[in-house]
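# Observations on chain architecture
Residue strings, one per chain:
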Amino acid sequence: MEHSVGNAARTNVSVLGLGDMGTALAAALLAAGHRVTVWNRTARKADALVEKGARRALTPAEAIAAGEVVIVCILDYAAVGPLLADDGAGEALKGRVVVNVTNGSPAEARELAERVSGLGADYLDGGIMAVPEIIGQPQAFVLYSGAEVAFRAYREVLDAFARSVYLGADPGLAPLNDLALLSGMYGMFGGFLHAAGLVRSAGGNVAEFTRELLVPWLRAMADSQLPAMAEQADSGDYGATGSNLAMQVSHDAIGDVSRAQGVSTELFGPLWELMKRRVADGHGAESVGGVLELVHPRGGGA
Ligand SMILES: NC(=O)c1ccc[n+]([C@@H]2O[C@H](COP(=O)([O-])OP(=O)(O)OC[C@H]3O[C@@H](n4cnc5c(N)ncnc54)[C@H](OP(=O)(O)O)[C@@H]3O)[C@@H](O)[C@H]2O)c1
């Protein structure tokens, strides 16, 4: 579909869903000078935005009709479908660009993209890598996938939220990469929680430990180790670069000390078991990156 917008100034944008995130997105659009129409199931949540200049739509169909770009930010996909089936919503969608930033799976994104395209609209799926408080700030970014022409045409509008990153035409790419990034984050949280347990078990100050030692350590490891491990993941060559896996699992120091200190090994244990299994499989001379072959074998596909 062709889109004539080359200049983002004062675009008609609608936002469906005014929870914490939808409210932050609508506020960012208003701050950027766009004409914003808002709809939320619980109507009073639109009051503050209306005071700031947003227009209130009484139905999803009215909101869709008002926007060239329709941002959907609802709890989950199960709730998105009925909104698009709302009386008149299907007809209103024709010619619109739907940007759905509701979190879900790649399959859900592809299914919704097909449905939206069938109604004559372009579809972009979005993965917001931010919390509401940092929408509009430099550290925030949003992943997009789906209709590239629509992304290019309305990129400046989307830039009001955060740095916009386009990943490709498959609508499932944004949710997949979103979940991959969250997996990395939860791995870091797991590491923090175990480390904090150890420090607390010895009467230490977790805040000071985290500030002075853990954060600098994790930054150094992220910068020095992850790029090389990522290259190994792509090449499948896991040759050790100074710390072979057999050396790392030669004794269970973290497990032994944790148990002695009364710290659960439930977080660290699964990774430890995979490292040991990789050595038992004959890969002790390689790096820890080879554990990826147990997580997702090379060439294994979906
Ligand atoms: N908050 C974050 O940090 C964050 C970060 C990244 C991505 N996200 C994603 O953004 C989306 C919205 O998150 P949020 O933080 O704004 O959640 P939230 O504050 O809990 O708001 C949920 C929104 O969904 C609406 N909703 C729920 N069920 C509905 C239904 N059956 N029909 C119509 N509307 C319905 C709610 O309407 P009512 O007001 O009427 O209940 C509300 O507008 C989620 O998919 C979330 O995963 C959030």
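Residues numbered from 1 in each chain as written. Predicted model: local features only at pLDDT ≥ 70, side-chain atom pairs only at ≥ 80, totals over all residues. Heavy atoms only, no water.

### Here we look at the sheet that holds strand β8 (residues 163-166)
As a reminder of what qualifies: Between any two strands, pairing holds if DSSP finds at least two bridges. Runs of E in the DSSP output that reach at least two residues are strands. Runs of H or I that reach at least four are helices, and both are numbered from the N terminus.
As summarised here, the arrangement of the eight strands in space is β3-β2-β1-β4-β5-β6-β7-β8, forming an open sheet in which the pairing is mixed. This sheet does not close on itself; its edge strands, each paired only once, are β3 (55-56) and β8. Sheet analysis places strand β2 (residues 35-39) next to β3, joined by two bridges and oriented parallel. Its bridge partner being in β3, valine 38 is matched across the sheet by arginine 56.

### Remarks on the nonpolar core
When a protein is soluble and globular, its nonpolar side chains tend to lie buried together. Stated formally: In this text, buried Ala, Val, Leu, Ile, Met, Phe, Trp, Tyr and Cys residues form a nonpolar core when linked through side-chain atoms within 4.5 Å. Throughout this description, buried means an accessible area under 20% of the type-specific maximum (1.4 Å probe, protein chains only), exposed means over 50%, and partly exposed covers the range between.
Judged by nonpolar contacts, the single largest core of 39 residues is most densely connected at Leu25, Leu29, Val38, Ile71, Val99 and Phe161. Of all the secondary structure elements, the ones that give two or more residues to this core are β1 (12-16), α1 (20-31), β2, β4 (69-72), β5 (97-100), β6 (122-129), β7 (141-146) and α7 (148-158). Sort the elements by how many residues they give to this core and α1 lands first, with seven residues. With 23 residues, the next largest nonpolar core counts Ile64, Ala89, Leu93 and Val98 among its residues.

### A look at helix α8 (residues 173-201)
In an α-helix, one turn spans 3.6 residues; hence positions three or four apart end up facing the same way. Stated formally: Any helix carries an expected span of 1.5 Å times its number of residues minus one. Contacts between residues were defined by any pair of non-hydrogen atoms, one from each residue, lying within 4.5 Å.
For α8, which comprises 29 residues, the first-to-last C-alpha distance of 42 Å matches the rise-based estimate of 42 Å (1.5 Å per residue) to within 8%. Taken residue by residue, α8 has Ala174, Pro175, Asp178, Gly190, His194, Ala195, Ala196 and Val199 as its buried positions. Packing partners of the buried residues in α8 comprise α6 (106-118), β6, β7, α9 (206-235) and α11 (253-261). One or two steps after α8, the chain reaches glycine 203, where phi turns positive at roughly 80°.

### Some details on the site of the ligand
Using the following cut-off: By convention in this text, a residue qualifies as near a molecule or strand provided that one of its non-hydrogen atoms is within 4 Å of it. Here a polar contact is recorded for every N or O atom pair within 3.5 Å, except that within protein the pair must consist of a potential hydrogen donor and a potential acceptor, and residues adjacent in sequence are included only if both atoms are side-chain atoms. Polar here means any residue other than Ala, Val, Leu, Ile, Met, Phe, Trp, Tyr, Cys and Pro, which are nonpolar, and Asp, Glu, Lys and Arg, which are charged; Gly is therefore polar.
The local shell around the ligand holds 20 residues, among which Met21, Asn40, Thr42, Lys45 and Asn103 are the closest. In the environment of the ligand, an oxygen atom lies 2.5 Å from a nitrogen or oxygen atom belonging to the side chain of threonine 42. Within the backbone of asparagine 103, an N or O atom sits 2.9 Å from an oxygen atom of the ligand. Among the elements that take part in the shell around the ligand, α1 stands out by supplying three residues, more than any other. Residue composition of the shell around the ligand, grouped by class: 10 nonpolar, seven polar and three charged.

### Considering the packing of aromatic side chains
Keep this limit in mind: Any two rings among Phe, Tyr and Trp, with Trp reduced to its six-membered ring, count as a pair given centres within 6.5 Å; such a pair is stacked if its planes are under 30 degrees apart, edge-to-face if over 60, and tilted if neither. We call a charge positioned over a ring when the NZ of a Lys or the CZ of an Arg lies within 6 Å of the ring centre and within 35 degrees of the ring normal.
According to the stated counting rule, one finds four aromatic pairs in the structure shown. On the basis of an interplanar angle of 25° and a centroid distance of 5.0 Å, the ring pair of phenylalanine 151 and tyrosine 166 is categorised as stacked. Of this pair, phenylalanine 151 sits in helix α7 while tyrosine 166 sits in strand β8, and the two are 15 residues apart along the sequence. Grouping residues by exposure puts phenylalanine 151 and tyrosine 166 together as buried. Pairing phenylalanine 268 with tryptophan 272 gives two aromatic rings, centres 5.9 Å apart and planes at 35°, and the pair type is tilted. Of the two residues, phenylalanine 268 and tryptophan 272, neither departs from the other in class, the shared state being buried. Following the ring pairs from residue to residue traces out a cluster consisting of Tyr144, Phe151 and Tyr166. One residue, arginine 163, lies across the ring of phenylalanine 141, its end atom 5.1 Å from the ring centre.

### What to know about the domain arrangement of the protein
Accessible area lost on assembly of the parts is the figure often given for the size of an interface. How we decide: Domain start and end points were adopted from an automatic or database domain assignment.
Entries for the protein in the domain assignment read domain 1 (12-170) and domain 2 (205-295). Look at where the C-alpha atoms of domain 1 and domain 2 centre, and you get two points 40 Å apart.

### Examining the pattern of salt bridges
Put simply, the rule reads: By definition here, a salt bridge exists when the distance from a side-chain nitrogen of Lys or Arg to a carboxyl oxygen of Asp or Glu is within 4 Å.
Per the counting criterion, the structure on display carries 10 salt bridges. In this structure, arginine 155 and aspartate 159 form a salt bridge, with 3.8 Å as the shortest nitrogen-oxygen distance. One network of salt bridges, with partners in common, ties together Asp252, Asp256 and Arg259.

### A look at the pairing of β8
Our working rule: If you view a crossover with the strands going away from you and the path from the first strand over the helix to the second runs clockwise, you call it right-handed.
Of the two faces of β8, only one is covered, namely that formed by Ser164 and Tyr166; the face formed by Arg163 and Val165 stays uncovered. Across four bridges, the pairing between β7 and β8 is parallel. Directly across from tyrosine 144, in β8, lies its bridge partner tyrosine 166. In this view, the connection linking β7 to its parallel neighbour β8 by way of α7 has right-handed handedness.

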